[in-house]
Each structure stands twice: as structure tokens, then as C-alpha cells.
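# A look at the structure
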Amino acid sequence: MTEKKTILTEVVDGMGIITINRPEVRNALNSQVIREIREVLQGWRDNEQVQLVVFTGAGERSFAAGADIAQLNQRTFRDGLAGVLQGLFDEIEQYEKPTIAAVNGYALGGGCELAMACDLRIAQENAKFGLPELNLSIIPGAGGTQRLARLVGKGRAMDMILTGTVIDAREAERIGLVSRVVSQGHLMEEVRKVAEAILSKGPLAVRLAKMVVHTGFETDQRTGLILEKLAQSLLYTTEDMREGTAAFLEKRKPRFKGC
């Protein structure tokens with residue numbers, strides 16, 4: 001495990017784990033956290049030992065309880081236009097490798113937006129989700145107004161944003177904000193199980209599936225189907241496709257090489 005000023009990083013069994021390590025302020029996201037996460041993600045892009053990235057928070061109370069209010073109080077018009085946190089979450093959503101948010105407590109404001117930027121969200125039963133920014137006379141400005149509506153529908157997103165309602169993990173699962181809820185103490189066990197399932201698949205197929213789903217969701221169905229067709233055509237030319245089909249026919253585990 002490697003320790004930076006505000007995050008911990010670890011690489012194990014193909015997973016790169018980023019733990020926001022500010023439990024004394026409920027793992028609030030300040031500029032240092034943003035810089036350090038960005039640096040780690042950049043370093044892991046070409047690291048073959050990291051095939052999937054997991055985000056979580058230190059301690060038992062919070063995944064990330066939003067932006068650091070002390071820094072937020074100093075924000076200016078120019079800071080809003082720069083959209084640094086929004087930019088980081090865009091990078092995470094578009095990251096070449098699959099991402100999982102392991103939500104172990106409060107995921108509020110920027111913490112909820114971080115989770116929504118990940119491909120999958122797995123929550124411990126004590127997790128809480130919400131976008132309470134309007135209480136500070138600002139809006140969810142790191143993707144929250146857009147990603148929440150796409151995940152749970154416009155009506156429910158409008159309700160959560162305008163009222164600042166905080167929901168529990170079971171409700172988040174019911175409305176589609178998270179894909180799985182696990183009991184206390186079993187979060188990382190479930191994350192590893194999901195990661196193993198993903199990492200057992202052809203890595204090129206995983207990467208292209210992620211790209212086609214994300215890109216196709218932002219356009220009309222016909223364009224999305226064209227993207228799907230092109231991605232499939234490319235995969236038909238790969239050694240991994242030959243290996244995957246051969247392994248199935250021979251009733252053995254495939255040995256994918258990412259080519």
C-alpha cells in the first residue's frame with residue numbers, strides 16, 4: 001500500500017484501489033485529493049498490473065461526504081467555469097479500465113457524484129446518498145444534475161436535487177442508483193467477487209463494451225447500434241475472440257492476452 005497526503009493506493013489481484021484518506025472530515029474532497037487521484041489514474045493507464053480501479057473511503061462512516069466546505073467558501077466565478085471536479089469525474093467515467101465505487105458510508109454531494117462517475121456502484125447497507133448542494137445555494141456541479149437524471153430518471157433526480165433528500169442504500173438500489181447492496185463488513189469481499197467476474201472476460205471486449213454503452217447512451221439508438229456494430233466487427237478480428245470461442249468449445253478456461 002502506498003500512502004499519499006490524502007489518499008491510499010494499493011494494487012492487488014488486478015485491482016487498483018484508491019482510498020480517500022481523510023476520515024477526520026468524512027473524506028471530503030479538496031484540491032489535494034483531486035490532484036492525487038488524477039496523478040494515480042494517469043500512472044495506472046499503462047500499468048498492466050492494474051486492470052480495474054476501485055474507489056472507496058477510509059473508516060466506517062463515509063465514502064466521501066462532498067466537497068471540502070472550507071475550500072468551497074473561497075470559490076469564485078472563474079473556479080466555477082474551470083470545473084476541476086467535474087473534469088476529474090469526466091476522466092473517471094471515460095477511463096479506459098472499468099471502475100467500481102465501493103460505497104462504505106455517506107456519499108453526499110461530490111461523493112455521490114464520484115460514485116455516479118464509476119461504471120458500477122456497490123454499497124454497504126449503511127451507505128447514504130444525496131445531493132444537498134442547494135442548502136449552500138449552489139447546485140451539484142460535478143456532474144450530479146446530469147448523471148443522476150440518467151441513472152434514476154428525471155423526476156426522481158429533480159426530487160432529490162431540489163429537496164436535498166438523502167436516501168439509504170436499499171432505496172438507492174431500488175431506484176437504480178446502485179447495482180448491489182451488501183451487509184456490513186462484506187463490501188470489499190463483494191467488490192472482489194465482481195472484479196474477478198469482470199477480469200475473467202476478454203479485456204478488449206470489456207473496454208469496448210464500456211465505451212459503446214457510455215457513448216451510445218449519449219446519442220440516438222440508431223447511432224448507438226452503428227457503434228455497437230463497429231465495435232463487434234473490430235473484436236471479430238482479435239486473437240482473444242478466437243481464444244474465447246475455442247475455450248468454450250473445448251470446455252476450458254480462456255487465456256486472454258488483450259490482443
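Residues numbered from 1 in each chain as written. Predicted model: local features only at pLDDT ≥ 70, side-chain atom pairs only at ≥ 80, totals over all residues. Heavy atoms only, no water.

### Considering the packing of aromatic side chains
Applicable threshold: Two aromatic rings, drawn from Phe, Tyr or Trp (for Trp, its six-membered ring), form a pair once their centres lie within 6.5 Å of each other, and the interplanar angle then sorts them: stacked below 30 degrees, edge-to-face above 60, tilted otherwise. Counting as a charge over the ring demands two things of the Lys NZ or Arg CZ atom: a distance within 6 Å of the ring centre and an angle within 35 degrees of the ring normal.
The tally for this structure, following the rule as stated, stands at zero aromatic pairs. Between the NZ or CZ atom of Arg 26 and the centre of the ring of Tyr 106, over which it lies, the distance is 5.0 Å.

### Some words on the side chain of Thr 238
What counts is decided by this rule: Secondary structure elements are taken from DSSP: a helix is a run of H or I of four residues or more, a strand is a run of E of two residues or more, and numbering for both begins at the N terminus. Exposure classes here rest on a 1.4 Å probe applied to the protein chains alone. A residue is buried below 20% of its type maximum, exposed above 50%, and partly exposed in between. As used in this structure description, the phrase polar contact means that two N or O atoms lie within 3.5 Å; if the pair is within protein, one of them must be able to donate a hydrogen and the other to accept it, and residues adjacent in sequence are counted only when both atoms belong to side chains. Note on contacts: a residue pair qualifies if any of its non-hydrogen atoms lie within 4.5 Å across the two residues.
Looking at where Thr 238 falls in the secondary structure, it is placed in the loop between helix 11 (221–235) and helix 12 (239–249). Classification of Thr 238 as buried rests on a relative accessible area of 11%. From its side chain, Thr 238 meets the backbone oxygen of Leu 235 in a polar contact 2.8 Å long. Those residues in contact with Thr 238 that lie beyond four places of it in its chain are Leu 204 and Cys 259.

### Here's the deal with the pattern of salt bridges
For side chains of opposite charge, pairing can occur when their charged atoms come near one another. We count it as follows: Throughout this description, the term salt bridge denotes a Lys or Arg side-chain nitrogen within 4 Å of a carboxyl oxygen of Asp or Glu.
In the structure shown here, the tally under the stated rule is 14 salt bridges. Between Lys 193 and Glu 190 there is a salt bridge; the shortest N-O distance is 3.6 Å. Note that Lys 193 and Glu 190 are positioned in helix 9 (residues 187–199) at a spacing of three residues, about one turn of the helix. By relative accessible area, Lys 193 is classed as partly exposed at 47%. Taking relative accessible area as the criterion, Glu 190 reaches 13% and is therefore assigned buried.

### A short note on the pairing of strand 8 (residues 120–124)
Rules: When DSSP finds at least two bridges between two strands, those strands are taken to pair.
The element strand 8 is extensively covered by neighbouring structure, given that four of its five residues are classed as buried. In this structure, strand 6 (residues 99–103) lies alongside strand 8, joined through four bridges in parallel fashion. Each bridged residue has a counterpart across the sheet, and for Val 103 the counterpart in strand 8 is Ala 123. As paired elements, strand 8 and strand 11 (residues 180–182) share three bridges and run parallel to each other.

### Description of the sheet that holds strand 2 (residues 7–12)
The seven strands are arranged 1-2-3-4-6-8-11 in an open sheet whose pairing can be described as mixed. One side of each edge strand has no neighbouring strand; the edge strands of this open sheet are strand 1 (2–3) and strand 11.

### Quick notes on the side chain of Thr 99
Tracing the backbone through its elements, the reader meets Thr 99 in strand 6. Beyond its immediate sequence surroundings of up to four residues, Thr 99 is in contact with Val 53, Phe 55, Ile 92, Ala 117, Cys 118, Asp 119, Leu 120 and Lys 210.

### A closer look at the sheet that holds strand 5 (residues 62–64)
Selection criterion: The axes used here are C-alpha line fits, helices contributing only the stretch in contact, and every angle between their N-to-C directions lies in the interval 0 to 180 degrees.
The four strands lie next to each other as 5-7-9-10, forming an open sheet whose pairing is mixed. Here the strands that pair on one side only, and so sit at the sheet edges, are strand 5 and strand 10 (167–168). For strand 5 and strand 7 (residues 106–108), the ladder comprises two bridges, and the chain directions are parallel. Bridge pairing links Ala 64 to Ala 107 in strand 7. Helix-sheet contacts for helix 5 (residues 110–117) involve strand 5, strand 7 and strand 9 (128–130), and the interaxial angle to strand 7 is about 95°.

### What to know about the nonpolar core
In plain terms, the rule: In plain words, nonpolar cores are sets of buried Ala, Val, Leu, Ile, Met, Phe, Trp, Tyr and Cys residues tied together by side-chain atoms within 4.5 Å.
Membership of the largest hydrophobic core comes to 46 residues, with the highest contact counts inside it found for Phe 55 and Phe 129. When residues in this core are grouped by element, the largest group, six residues, is from helix 1 (residues 31–44). Of all hydrophobic cores here, the second largest spans 14 residues; its members include Met 15, Leu 52, Ile 100 and Ile 122.

### Topic: the packing of helix 4 (residues 84–93) against helix 5
Keep this limit in mind: Should an angle fall under 35 degrees it is called roughly parallel, over 145 degrees roughly antiparallel, and 65 to 115 degrees roughly perpendicular, with every other angle called oblique. Note on residue classes: Ala, Val, Leu, Ile, Met, Phe, Trp, Tyr, Cys and Pro are nonpolar, Asp, Glu, Lys and Arg are charged, and everything else, Gly too, is polar.
Remark: helix 4 packs on helix 5, axes separated minimally by 8 Å, with the N-to-C direction vectors making an angle of 25°. Considered as vectors, helix 4 and helix 5 are oriented roughly parallel to each other. Judged by residue contacts, Leu 85, Phe 89, Ile 92 and Glu 93 of helix 4 engage Gly 110, Glu 113, Leu 114 and Ala 117 from helix 5. Looking at the contact of helix 4 with helix 5 residue by residue, the classes come out as five nonpolar, one polar and two charged.

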